[in-house]
Amino acid sequence: MTHLLELLVQTAARFGLNYGFLLDAYQRASLVNGALTSIALCAVTIVGSLAAGLLLASMLTSGRVWIARPARVFIEVTRNTPTLVQLYCAFLVLNMLLTQAIGTANPLTPFAWVVIVISLHKGAFHAEALRAGIEAVPAVTLEAASSLAFNSRQLLWNVQLPLALRFALPSLINNLIDLVKMTAVASAIAVGDITYASIMIWTQSDNVLELMILLLAFFGLLSFIVNCAGRALEARLRMPGYGH
Amino acid sequence: MATDYPAAASISWPRRHPGKLLLAVIVVLWMAFGAPVNPAFVALLEWSPALASGFGQNIVISLLAIALGSVAGLMIGALSASPFRVARLPARIWVQVFRNAPWLVLIYFTTYVFPFELHIGTTWIAFPDWVKVTMGLALPASANVAEVFRGAMASIPDTQWEASRSLAFTRGQIVRSIILPQCFKRMLPPWMNLYAVITMGTALASLVGVHDLIDTAQIASNTVNRTGFTVLIYFSVLGLFFAWCYPISRLTQRLERRYAFS
Amino acid sequence: MPYTRSPVARYLPLFVAALTMLGGSVAAQADATLDKIQQRHRVVVGVLLSGGPFGSIDPMTQKPKGLNVDLAEDVARQLGAEVELVPVLPANRVQFLQQGKVDLLIANMEWTVERGEQLGFVPTPFYRVGGTAAVLKDSAITRWEDLKDQPVCTSQGSSYIKPLTGFGADIKAFKSSSESLLALRGNNCVAAVHDATLINPLVAEGPEWQNYRAISPELNPAPSVIWTRPGETDTQARLDSIVKGWHRTGWLIDAEKRHHISPPSPALVELHDKFQAAGA
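Chain A is annotated in an unreviewed UniProt entry as Amino acid ABC transporter permease from Pseudomonas lutea. A UniProt comment under Sequence similarities (unreviewed entry) is attached to chain A, and it reads "Belongs to the binding-protein-dependent transport system permease family. HisMQ subfamily."

Next up on the list: the nonpolar core. In terms of nonpolar packing, the biggest core is built from 205 residues, with V114 of chain A, V105 and I107 of chain B together with V47, V152, A191 and I226 of chain C touching the most fellow members. Of the residues forming this core, the biggest block, 13 residues, is contributed by helix 7 (residues 129-155) of chain B. If you count residues domain by domain, this core takes at least three from each of domain 1 (33-126 + 225-279) and domain 2 (130-221) of chain C. Once residues lying within four places of it in the same chain are set aside, the contact partners of I226 of chain C are L104, L105, I106, F121, V122, F126 and L239 of chain C.

The next point concerns the interface of chain B and chain C. Every contact between the two is made by 29 residues of chain B and, on the other side, 33 residues of chain C. Per-element accounting of the side of chain B that touches chain C gives the leading share, six residues, to helix 10 (residues 213-224) of chain B. Looking at the side of chain B that touches chain C, its residues break down into 15 nonpolar, 11 polar and three charged.

Let us look at the interface of chain A and chain C. Facing 20 residues of chain A, the contacting portion of chain C comprises 21 residues. For the side of chain A that touches chain C, the per-class residue count stands at 12 nonpolar, seven polar and one charged.

Here we take up the UniProt feature "domain: ABC transmembrane type-1" (unreviewed entry) in chain A. As recorded in UniProt, the sites labelled "domain: ABC transmembrane type-1" (unreviewed entry) are residues 35-226 of chain A. The span residues 35-226 of chain A is 82% helix and 0% strand, and its two end C-alpha atoms sit 16 Å from each other.

Residue and element names in this part refer to chain B. As a packed pair, helix 4 (residues 39-80) and helix 9 (residues 171-201) sit with axes 9 Å apart at the nearest point and diverge in direction by 135°. Overall, the two elements helix 4 and helix 9 adopt an arrangement that is oblique. Crossing angle aside, the handedness with which helix 4 passes helix 9 is right-handed. Across the interface between the two elements, N58, S62, A65 and I66 from helix 4 touch Y195, I198 and T199 from helix 9.

Our next topic: the pairing of strand 10 (residues 191-195) of chain C. Residues and elements named next belong to chain C. Judged by how many residues are buried, strand 10 sits mostly within the fold: five of five residues are covered. Sheet topology note: the strand 7 (residues 127-136)/strand 10 ladder contains four bridges and is antiparallel. Within the sheet, the bridge partner assigned to A133 lies in strand 10 and is V193. Where strand 8 (residues 151-155) and strand 10 come together, two bridges link them in parallel fashion. When the bridges of strand 10 are listed, V152 appears paired with A191.

A word on helix 11 (residues 227-259) of chain B. Look at helix 11 of chain B: 48 Å from first C-alpha to last across 33 residues, which is about the 48 Å you get at 1.5 Å a residue. The sharpest bend along helix 11 of chain B measures roughly 25° and falls at A243 of chain B, with the proline P247 of chain B sitting one to four residues further on. Looking only at helix 11 of chain B, the buried set comprises F229, T230, L232, I233, Y234, V237, L240, F241 and C245 of chain B. Looking at the buried residues of helix 11 of chain B, the elements they touch are helix 4 (83-102) of chain A together with helix 4, helix 9 and helix 10 of chain B.

The rules behind the values
Per chain, the residues get numbers from 1 upward, laid out in the order the sequence is written. Here every chain gets a letter starting at A, and every ligand a number starting at 1, in the order they are written. Totals for whole chains, interfaces and linings use every residue, but because this is a predicted model, local features are given only for residues with pLDDT of at least 70 and side-chain atom pairs only at 80 or more, for both listing and counting. UniProt positions are given in the numbering used here, feature names are shortened, and annotations may be inferred rather than shown by experiment. The term nonpolar core refers to a group of buried residues, namely Ala, Val, Leu, Ile, Met, Phe, Trp, Tyr and Cys, whose C-beta atoms join them within 7 Å. Counting other C-beta atoms within 10 Å of a residue's C-beta gives its exposure: the residue is buried at 20 or more, exposed at 12 or fewer, and partly exposed in between, where C-beta atoms are placed from the backbone. Under the DSSP-based scheme used, a helix requires at least four consecutive residues in state H or I and a strand at least two consecutive residues in state E, with every element numbered from the N terminus. Here the limits of each domain have been adopted from an automatic or database domain assignment. Whether two residues are in contact is decided by their C-beta atoms, placed from the backbone, lying within 7 Å. Gly is placed with the polar residues, together with every amino acid not listed as nonpolar (Ala, Val, Leu, Ile, Met, Phe, Trp, Tyr, Cys and Pro) or charged (Asp, Glu, Lys and Arg). Interaxial angle, 0 to 180 degrees, is taken between N-to-C directions of lines fitted to C-alpha atoms, where a helix line uses only the stretch in contact. With respect to orientation, any angle under 35 degrees is reported as roughly parallel, any angle over 145 as roughly antiparallel, any angle of 65 to 115 as roughly perpendicular, and every other angle as oblique. Rotating anticlockwise by less than a right angle from the far helix to the near helix defines a left-handed crossing, while the corresponding clockwise rotation defines a right-handed one. By this definition, two strands are paired if DSSP reports at least two bridges between them. What a helix is expected to span follows from its residue count: subtract one and scale by 1.5 Å. Note that bend, as reported per residue, equals the angle between axes fitted to the 7 residues terminating at that residue and the 7 residues originating from it.

See below:
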């Protein structure tokens, strides 16, 4: 294993790139840990954002003003403010206030805050896509279902959401790829993802370019995986009569 | 939805939004009487010129980035729609690379890898940090504009192409005189949406040391060193970005509705 | 169209290598610092503006102020040039100096063996400070060794990262001291490690920090020096005489009092006496 790494470092050195940190066990371990943390962050946030998006979309289309209005206000605020600022407000301000209120019983780690903030931020985008999907369900189908005595909750769960999901899938996949890229912002609050590990390495040894190439390749690979998974899902959930 | 506007327009604005009006009155009264006594608010007022100039820096970066990105994106979009594969391939690669790269990584990349001064002839031209951040944001902007442009061109019905070809227009003439004018109207809402997203992306400039709004807020929070003030200033930063991006988003929605049936 | 990576994998390194060559060719033509300063009548100094008495922003004029700023302005005045202040962060200050973006660094950057090998510095220090940790009053931490396996907040590029890693602490590095202190208040780390001149005034003044205390002794007390690029012996000699003059005339002690830096550093008094005896 180390022989392979040395070979890699030597070939890179011929292009003038200094990948020496790969040979240092501590820095290599921190980079690998960072990569795993990033993957865990992406996985948890994807699930969280889809759940948040589903909740917000059902609130938006519930038809009752006192449920739909707060959801709309929340969506507008999260969509029109930067993720970094939301993260700072949540982690630096809300967390501090929470700790002042309940002391050391505060269970939320930086990882948890990043998941919460990015899930809610992306959930707002998912909600918009799902709302467009729900509104695209033909009225005829809804009337037929309600004439079969579906109540509104069953209508949402059994008729609107499956169709809306299929309509909204391309937008949802685009949002998820954006989400994967957005997790890089977790490095701003020292979460220990791959971007943070790279920053710690390049502030000590000044090999920014080499680490940039590594980061771009890593995120490109993650986006590619999400993209492929999305296309496979699209192919499986394709509806006859609505093909592209 | 278009049919309920005439009925609502006959009621005056104050009667239609009583809640918002009440909220506005309460805020004004509090600012006039309650606020000057509160030390956190006094400190916020003291720091507001600094915050405003920091936000100005963000806006300058966003405007320049969208301008550069649009010019580059239009060229790349045109290339990617070319009939020649040798022109299409670099454009597709550019779009794929810069749409799949995290913006933070691109900003770190342009900030640390580019030199800080350009030596042209005998003069040295400074290459300040915020210009590097602008270029870092212009790269994904160009990729997104190229995609928007390609999407707009693809949404023009084939009949336009066939009809103009039957009138003996060359390909260049078709694109310039017939397709492009129709494209620009369709491109406007997603392009404005992109501008709002880029403005929010300028917040990342603070992580590389550009003296923008968030950096100013952090220095202020550290200098004044009071919890109430810290809470107030971070939420003011949120409010400033919201005040800039929300009108753009509403305008975009209005334009989308207007052009939906054209 | 199927998504392929191979064209990107082929072209990206070329694109990136072209950029590196551009960067390298420009950096190789930078002049020797003192000549450049005299030629342009301008000295570019990197200062750390994290808030606090050493470097901060005046909200009225939005101009930098603080001890670092006063030092930079006096250096420029004595060199007969005008000063250009560039705000730096602990994470990028070394790069700025090495790339030539700034000529000097007056950025709360203490001397360590590694830094002394990488960069040049003015031999006479202008300050002496070590690190201390702010912890909760009822925390179990009283010595540096107690930080083993505990999350500790600090700033990226700080000189305390190495000794803290030596103690086995789990480092959480933020962009600047402001976020690190807020993270401490949010209980995300058990201690925030920064210069004693930043932490001590904080825990001394109430009411925000009354539940916190600083641990002693100071970690790695080290002299703060002005940094230059390696090999710039003329610049270093010239600045050395300026710094000795500051100590001899007591200007630094006045500046420290003017900016309310507490506790006042005993090193300044020592150096003042030493240079007064030597010079007068």
